[in-house]
Amino acid sequence: MERFDVIVIGMGPGGEAAAGRLQDAGRRVAVIERELIGGECAYWACIPSKTLLRGPEARAAAGRAAGVSTPALDWPGLRDYRDYMIRHLDDAAQVRGYEQAGATVIKGAARLAGRGRVEAGAEVLEAGHIVIATGSEPVRPRVEGLDTVTVWTNREATTVRDIPARVLLIGGSAVGTELGTFYARMGAQTTIVQRGERLIDREDPGVGELAARALQADGITIHTGRTVARAQPAAGGAVITLDDGTKVETDVVIIGAGRRPNGAGLGLDAMGVQPDQRGAIPVDQHCQAGNGVWAVGDVTGVSLFTHVAMYQGRVAADNILGRQRAASYDGIPRVVFADPEIAAVGLTTEQARQRGIATAATEVGLADSIARPWTYERDPRGALGLLADRDRQVLVGAWAVVPLASEWIHQAALAIRARIPLDVLLDQVAQFPTYTEAYLTALEQLAR
Ligand SMILES: Cc1cc2nc3c(=O)[nH]c(=O)nc-3n(C[C@H](O)[C@H](O)[C@H](O)COP(=O)(O)OP(=O)(O)OC[C@H]3O[C@@H](n4cnc5c(N)ncnc54)[C@H](O)[C@@H]3O)c2cc1C
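Attention in this report is confined to the structure presented alongside it. None of the values given here were measured: they were computed from a predicted structure.

1. Overview of the nonpolar core
Residues Phe-182, Tyr-183, Leu-199, Ile-254 and Ile-342 are the most contacted members of the largest nonpolar core, which totals 34 residues. Counting residues per element, the ones that place at least two in this core are α3 (46-64), α4 (75-85), β9 (166-170), α7 (174-185), α8 (205-217), β15 (252-255), β20 (341-346) and β23 (394-402). With 5 residues, the single largest contributor to this core is α7. Formed by 29 residues, the second largest nonpolar core is a distinct cluster that contains Leu-395, Val-402, Ala-438 and Tyr-439.

Written out as C-alpha cells, the structure reads:
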C-alpha cells in the first residue's frame, strides 16, 4: 500500500487549488479523479457557459454602441472555440502536468476505507491528510413524465452542437438565467419557469426585477412563482404543463434547479464524519471536517462558486502545511453573467435584518448619475445598490446590475472584507469616466 502526505479526492477547482499548493510546498500528493481533471467548472459549467455567452454578448454590445453595425453570429465558429476551451473533453495534458510535477494521478472513483485510507478501484492508498473536493450534482426536480421527454442538465446544455428551436429552463437563478440568455440570443424560443417569486431570489428583490427586464428584452418568457407540474411527449418535442395549467411547447427541458453537494456515499462515516441532509460535508473555518479530513468546494455547501472552491482549497492546504488560516466569506462576489451582468456581495437587506444590523440602504440609477453608461452605449442601463451598517459606518452589502459589474463589484467586495470606513470610501477617487464612479454617487446619497 502506497503512503502519501495528502490524498486529494476530486480534481475540480477546489481539489486542484489544494493539490497545487501542497505540491509546491514539496508534499507527496496523490490525486484521484473519476472523470476529468478540471472538474465541472472546466468542461461543463463556468468555462463553456462564459465562452458561449461572449459571442452573443459582443453582438448585442455592438448593437448598443453608437456607430457600429451589428455583427453576425457564427455558431460553428463559436462552437469550435467552446470545444477548444473545454479541451475537447480531454484531460491528458492535465494528467501529464500533475505527474511531471511529481504527483500520483489515479483515474477512478474514490472511497474512504478507514482512517487515513482511500480505495480507488484496485488501489488502496494511505495518507495523513485527505482532502475531499467531490463537488456537486444537479438536482432533478420531481415532475410527472420528466423521464419521457428530452431533458438536459448543464452538461448537455453547455456542450450543445445544434441549437434547439425551443427550450424551457426549470430554475431562474444563475444557471437558468445564463443559459436562458444564451439560448434566446442564439434564436431559440426560450421560457424560464422559476418557483420563487423573482429571478435570482438569493439577492435583494430589485436585482431580480432588473434581471427579468433584461431577459424579457431578449424575448424570454418568464413564469415566476410557478412550478412544472407535468411533462408529456408531443409531436417533435414536449408539452410542459405548469402548476397553474399554462402549457408550454418545447424541444428540450434544461434543468437549472440547484445543485446537491456530493458528500454522500464516500464512506465518510469510517472517519467519524457525517454529511448533512443535503449531502454537504460540514467544515470548520479551517475547512477541516474531522481528524485528518478536509473538505473544500461545492461539497461543503458553503457557497457554490469556483472562486470559493479555490479559496477553500488554499485555506485547507495552508492549514495542512501548518500555516494556521481561517476562511472568511465576508467579501465573496456572486455574479450572474447575464447582460447586463448581475453582481452582488455581502449581505442582502433581509440577511442584515435577521442579524439585527441597523442598516441604511441606497440605490442609484447609473444613467442619471455618471458619464460612463452614456459613453458605453446609446441606451444606458444599470443600477447600483449599497447597504451600510449605521452603527459601524461600513458597507455590509452591495449589488449592481450593469455592464461589466463582475469586474467593478470588487471595490465593494474589498470594502466589505476589509471593513473600510465609509469616510474613507467617500474620499476615494475613481478614474473618470468609469462605472466605478457610481460608488461615490451612491455613498453620497447614503451619507445624506
Ligand atoms: C452551468 C454552470 C455555470 C457555472 N458558472 C460559474 C461561474 O461562472 N463562476 C463560478 O464561480 N462558478 C460557476 N459555477 C459553479 C462552479 O462550477 C462550481 O462551484 C465549481 O465547479 C465547484 O468546484 P469543486 O472543485 O467544488 O467541484 P467540481 O468542479 O464539481 O469538481 C469535483 C470533481 O470531483 C470528482 N469526483 C466526485 N466524486 C468523486 C469520487 N468519489 N472520486 C473521485 N472523483 C470524484 C468529479 O468528477 C469532479 O471532477 C457554475 C455552475 C454551473 C452548473
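2. Observations regarding the layout of surface pockets
In this structure, the second largest pocket encloses a volume near 380 Å³. Around the second largest pocket, the lining is made up of 17 residues, and of these Leu-210, Arg-213, Ala-214, Pro-340 and Arg-381 lie nearest the centre. For the lining of the second largest pocket, the secondary-structure elements that each account for two or more residues are α3 and α8. Of all the elements, α8 adds the most residues to the lining of the second largest pocket, at 6 residues. In the lining of the second largest pocket, the residues fall into 7 nonpolar, 2 polar and 8 charged.

3. Brief notes about the sheet that holds strand β14 (residues 247-250)
The strand order β12-β13-β14 describes an open sheet built from 3 strands, whose pairing is antiparallel. Strand pairing shows two members of the sheet lacking a second neighbour, β12 (228-234) and β14, which therefore form its edges. Direction aside, the axes of adjacent strands within the sheet are offset by 20 degrees on average. Bridge analysis of β12 against strand β13 (residues 237-242) gives 6 bridges, and the strand direction is antiparallel. Across the sheet, Ala-231 pairs through a bridge with Ile-240, a residue of β13.

4. Here we look at the side chain of Ser-406
Tracing the sequence through the fold places Ser-406 in helix α13 (residues 405-408). Here Ser-406 falls in the buried class, since its relative accessible area comes to 10%. Separated by 2.6 Å, the side chains of Ser-406 and Glu-341 make a polar contact. The contacts of Ser-406, once residues within four sequence positions are left out, are Val-335, Phe-337, Glu-341 and Ala-343.

5. A look at the environment of Gln-288
For Gln-288, the location among the structural elements is in strand β17 (residues 288-290). Residue Gln-288 is classed as partly exposed on the basis of its relative accessible area, which comes to 24%. Sequence separation of Gln-288 and Ala-430 is 142 residues, and the distance between their C-alpha atoms is 40 Å. Apart from residues lying up to four places away in sequence, Gln-288 is in contact with Pro-282, Val-283, Val-293 and Trp-294.

6. Considerations on the environment of Ala-412
Locating Ala-412 in the fold gives a position in helix α14 (residues 410-417). Judged by its relative accessible area of 1%, Ala-412 falls in the buried class. Those residues in contact with Ala-412, other than ones at most four positions away along the chain, are Val-345, Ala-398 and Tyr-439.

7. Looking at the packing of aromatic side chains
What the rule picks out here adds up to 9 aromatic pairs. Ring geometry for Tyr-376 against Tyr-435: centres 5.6 Å apart, planes inclined by 70 degrees, an arrangement best described as edge-to-face. With a gap of 59 residues between them, Tyr-376 in helix α12 (residues 372-376) and Tyr-435 in the loop between α15 (422-426) and α16 (438-447) connect regions that are remote in the sequence. Owing to a relative accessible area of 28%, Tyr-376 belongs among the partly exposed residues under this scheme. We classify Tyr-435 as buried; its relative accessible area is 1%. Through successive ring pairs, a cluster of aromatic residues spans Trp-75, Trp-152, Phe-182 and Tyr-183. The ring centre of Phe-4 lies 4.6 Å from the NZ or CZ of Arg-28, which sits over that ring. Positioned above the aromatic ring of Trp-44 is the side chain of Arg-155, whose terminal nitrogen or guanidinium carbon lies 3.6 Å from the ring centre.

8. Some points on α14
All of the buried residues along α14 are Ala-412, Ala-413, Ala-415 and Ile-416. Here the buried residues of α14 occupy an arc of 165 degrees about the axis, which is enough to place them on one side. Trailing α14 by a residue or two, Arg-419 shows a phi angle of about 50 degrees, which is positive.

9. Here we look at the sheet that holds β23
Adjacent strands of a sheet pair through backbone hydrogen bonds, lying either parallel or antiparallel. Across the sheet, 5 strands lie side by side as β19-β20-β23-β22-β21; this open sheet has antiparallel pairing. In the strand order of this sheet, the two ends are held by β19 (334-336) and β21 (359-365), each with one partner. The mean inter-strand angle of the sheet, taken between neighbouring strand axes irrespective of direction, is 10 degrees. The strands touched by α14 within the sheet are β20 and β23, with β23 carrying the most contacts at an inclination of about 165 degrees.

Reading guide: rules and limits
- Residues numbered from 1 in each chain as written.
- Predicted model: local features only at pLDDT ≥ 70, side-chain atom pairs only at ≥ 80, totals over all residues.
- Heavy atoms only, no water.
- Core = buried A, V, L, I, M, F, W, Y, C linked by side-chain atoms within 4.5 Å.
- Buried < 20%, exposed > 50% of the residue type's maximum accessible area, 1.4 Å probe, protein only.
- Helix = DSSP H or I, 4+ residues; strand = E, 2+ residues; numbered from the N terminus.
- 1 Å grid on protein atoms, 1.4 Å probe; cavity = no way out; pocket = protein on both sides within 12 Å on 5 of 7 lines; lining within 4 Å.
- Points joined across faces, edges and corners; volume = space filled by probe spheres on them.
- Nonpolar A, V, L, I, M, F, W, Y, C, P; charged D, E, K, R; others polar.
- Pairing = 2+ DSSP bridges.
- Axes fitted to C-alpha atoms, helices over the stretch in contact; angles between N-to-C directions.
- Polar contact = N/O pair within 3.5 Å; in protein donor to acceptor, adjacent residues only side chain to side chain.
- Contact = heavy atoms within 4.5 Å.
- Phe/Tyr/Trp six-rings, centres within 6.5 Å; stacked < 30°, edge-to-face > 60°.
- Lys NZ or Arg CZ within 6 Å of the ring centre and 35° of its normal.
- Arc of directions from axis to C-beta.

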